[in-house]
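Each chain is listed here by its residues.
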Amino acid sequence: DARVTQTPRHKVTEMGQEVTMRCQPILGHNTVFWYRQTMMQGLELLAYFRNRAPLDDSGMPKDRFSAEMPDATLATLKIQPSEPRDSAVYFCASVATGGRKTFGSGTRLTVV
Amino acid sequence: GESVGLHLPTLSVQEGDNSIINCAYSNSASDYFIWYKQESGKGPQFIIDIRSNMDKRQGQRVTVLLNKTVKHLSLQIAATQPGDSAVYFCAENMGSRGNQFYFGTGTSLTVIP
């Protein structure tokens, strides 16, 4: 089965450090999403891209978060500087037009 | 504001019994709904979807019911198996919002062998 691949699976970092999370969408999927999951807030949409162009990043704190798609096979989510409240599981998902969204296994981020 | 919520955060059922997971939504303009299953350490996985022009849809061992009058969605799992143990989310979407879905906080289903 085709998969969305996220790296790293786990990341522990100190407050103030830069964190980069990576996502390889399924080949042929033209829309890529970044979600954050916490116990308190559940799944929240941070940003999404279509054909590599950012369409909506209104859910993302702009002062410290940035999302990019350098090419069709890679999406990145960066946090700089990281804070303890950023601790969460970050999911990437991709979908082809008219298709169903497929989620990756997530990056569990802990900021201490 | 908009919210998608679940009535019960946890549900335990005996293996072989039927499970019913409920979801309330607040946005009457939502026209598309999805149920996801999330196992520990994994991302959400699509189970079944339903559009607002339907009130029932069946899949393999799963049925989704939509009651637009009371803005309620339910997922029924027949003959629940240990492999069904997971957290289940409903998500709603308004067509006008494109790919933006609102997710509930989830119900944790535990199947007792």
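Now for a quick tour of the structure.

The rules behind the values
- Each chain has its residues counted from 1, following the order in which its sequence is written.
- Each chain takes a letter, starting from A, and each ligand takes a number, starting from 1, following the order in which they are written.
- In keeping with the predicted nature of the model, local features appear solely for residues at pLDDT of at least 70, side-chain atom pairs appear and are counted solely at 80 or more, and the whole-chain, interface and lining totals rest on all residues.
- With hydrogens and water set aside, each side-chain value is computed from the structure's full complement of heavy atoms.
- Segments assigned H or I by DSSP are reported as helices when at least four residues long, segments assigned E as strands when at least two residues long, and all are numbered from the N terminus.
- Exposure classes here rest on a 1.4 Å probe applied to the protein chains alone. A residue is buried below 20% of its type maximum, exposed above 50%, and partly exposed in between.
- It only takes one pair of heavy atoms within 4.5 Å for two residues to be counted as in contact.
- The Shrake-Rupley method, run with a 1.4 Å probe, gives the accessible areas here. Residue values count only the displayed protein chains as cover.
- Put simply, buried area is the surface a 1.4 Å probe can reach on two separate parts but cannot reach once they are joined, added for both.
- The salt bridge definition used is simple: a Lys or Arg side-chain nitrogen within 4 Å of an Asp or Glu carboxyl oxygen.
- Throughout this description, a polar contact denotes any pair of N or O atoms lying within 3.5 Å of each other; where both atoms belong to protein, one of them has to be capable of donating a hydrogen while the other can accept it, and for residues adjacent in sequence the pair is counted only when both atoms sit in side chains.

### Details of the overall build of chain B
In step 1: Counting its secondary structure elements, chain B contains zero helices and 11 strands.
In step 2: The order of α-helices and β-strands along chain B, N terminus first, is β-β-β-β-β-β-β-β-β-β-β.
In step 3: Expressed as a percentage of its 113 residues, the buried residues of chain B come to 44%.
In step 4: Put simply, 54% of the contacts in chain B that link residues at least 6 apart link residues at least 24 apart.
In step 5: Here chain B displays about 5500 Å² of accessible surface, and carbon together with sulfur accounts for 47% of that area.

### Remarks on the interface of chain B and chain A
In step 1: With 13 residues of chain B at the contact, the number on the chain A side is 16 residues.
In step 2: Both faces combined, the contact of chain B with chain A buries some 1300 Å², and carbon together with sulfur accounts for 53% of it.
In step 3: Counting across the chain B and chain A interface gives zero salt bridges.
In step 4: For the interface between chain B and chain A, the tally reads three residue pairs in polar contact (both at pLDDT 80 or more).
In step 5: At the level of secondary structure, the elements contributing two or more residues to the side of chain B that touches chain A comprise β4 (32–38) and β10 (101–103) of chain B.

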